[in-house]
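# Overview (structure and organization)
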Amino acid sequence: MASSSRSNLLRQAEAVVRDAGAIIAADWRKPRDVYLKGRIDLLTRTDMAVEAFLKENLQRVLPEADFLAEETASATVPGELTWIIDPVDGTTNFAHGFPFVATSVALWCDGRVVLGIVNAPLLGECFTSVEEEGACLNGQPISVSNQTELESSLIATGFPYGIRE
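This section reports on the structure supplied with the text. All values reported here derive from a predicted model rather than from experimental measurement.

## Digging into the overall build of the protein chain
- Within the protein chain one finds three helices and nine strands.
- Ordered by position from N to C terminus, the α and β elements of the protein chain give α-β-β-α-β-β-α-β-β-β-β-β.
- Going through the 165 residues of the protein chain one by one, you find that 34% of them count as buried.
- Put simply, of all contacts in the protein chain between residues at least 6 apart along the chain, 46% involve residues at least 24 apart.
- Carbon and sulfur atoms provide 55% of the accessible area of the protein chain, an area that totals close to 9700 Å².

## Some words on the nonpolar core
- One finds Leu54, Leu58, Trp83 and Leu107 to be the most contacted residues of the largest nonpolar core, which totals 28 residues.
- In terms of residues, this core owes the most to one element, helix α1 (residues 3-28), which gives seven residues.

## Regarding the sheet that holds strand β5 (residues 102-109)
- Ordered by their spatial adjacency, seven strands build an open sheet running β3-β4-β5-β6-β7-β8-β9, and the pairing between neighbours is mixed. Two strands lie at the open edges of the sheet, namely β3 (66-69) and β9 (140-142), each paired on one side alone. With strand direction ignored, the average angle separating the axes of adjacent strands in the sheet is 20 degrees.
- Helix α2 (residues 45-61) contacts β3, β4 (81-89) and β5 of the sheet and is inclined by roughly 150 degrees relative to β4.

## Some thoughts on the packing of aromatic side chains
- Counted by the stated rule, this structure contains two aromatic pairs.
- Between Trp28 and Phe94, the aromatic rings sit 5.8 Å apart at their centres with planes inclined by 50 degrees, giving tilted as the arrangement. Here Phe94 lies in helix α3 (residues 91-95) and Trp28 lies in helix α1, a separation of 66 residues in the sequence.
- On the basis of relative accessible area, Phe94 is assigned to the buried category, the value being 0%.

## Section: the pattern of salt bridges
- Applying the stated criterion to the full structure yields five salt bridges.
- Residue Arg6 pairs with Glu131 through a salt bridge whose shortest N-O separation is 3.6 Å. Here the residue Arg6 occupies a position in helix α1, and Glu131 occupies one in the loop between β7 (125-130) and β8 (134-137), the gap between them amounting to 125 residues.
- Several salt bridges converge on common partners, so that one network encompasses Arg6, Arg112 and Glu131.

## Notes on unusual backbone geometry
- Phi at Asp110 is positive, roughly 55 degrees, even though this residue is not glycine.
- Mapped onto the elements, Asp110 comes out in the loop between β5 and β6 (112-120).
- Although it is not a glycine, Glu132 sits at a positive phi angle of roughly 65 degrees.
- Here Glu132 lies in the loop between β7 and β8.
- Accessibility expressed as a relative area gives 75% for Glu132, which makes it exposed.

Calculation rules
- Think of each chain on its own: its residues are numbered from 1, step by step along the sequence as written.
- Local features in this predicted model are restricted to residues whose pLDDT is 70 or higher, and side-chain atom pairs enter the listing and the counts only when it is 80 or higher, whereas totals over whole chains, interfaces and linings include all residues.
- Side-chain calculation: all heavy atoms of the structure are included, whereas hydrogens and water are not.
- Numbered from the N terminus, helices here are DSSP runs of H or I no shorter than four residues, and strands are runs of E no shorter than two.
- Think of it in three bands: residues with accessible area under 20% of the maximum for their type are buried, residues over 50% are exposed, and the middle band is partly exposed, with areas taken using a 1.4 Å probe on protein chains only.
- Residues are treated as being in contact if the distance between any of their heavy atoms lies within 4.5 Å.
- Areas reported as accessible are Shrake-Rupley estimates using a 1.4 Å probe. Residue values count occlusion only from the protein chains shown.
- Only buried residues count toward a nonpolar core, which is a set of Ala, Val, Leu, Ile, Met, Phe, Trp, Tyr and Cys residues joined through side-chain atoms within 4.5 Å.
- Here the rule is simple: two strands pair whenever DSSP picks up at least two bridges between them.
- In this analysis an axis means a line fitted to C-alpha atoms, helices contributing only their contacting stretch, and an angle means the value between N-to-C directions, from 0 to 180 degrees.
- Ring pairs are drawn from Phe, Tyr and Trp, using the six-membered ring of Trp, whenever the two centres fall within 6.5 Å, and their geometry is named by plane angle: stacked under 30 degrees, edge-to-face over 60, tilted for the rest.
- Here a salt bridge means any side-chain nitrogen of Lys or Arg lying within 4 Å of a carboxyl oxygen belonging to Asp or Glu.

So, in structure tokens, the structure goes:
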């Protein structure tokens, strides 16, 4: 896939992902229907609504692509051209009213990720990246810091749901 076509796909997919953020923002002010997928793995009605919206609209952007979506995945390995979706990345945060929530979407093509979008609608931040073109925050280029010492760096992590395993 050529770089120019990836950039065009990114613009179209970013618009879809940002529109999906409106669902999260609207549901933020509503009572949350929360279900358990596992002992501490949560699912909300918002997860399902955002995933359905993304699948329907990303299909229009790239009709030949498959989907590997967190809430409805039937396969564990992406196909040759696959949208990879986490509709509400941070469902636990969302369910508890903590605004660090995003929608994460990537396009897998020929064995690698060629573009990605992480939209945090409650924070007003949308990160985008195209292979070999760098990353942006709200359209402005970003980069990693030039820190060389671990002690001077900021590092963050999360904990897996299957923490006992």
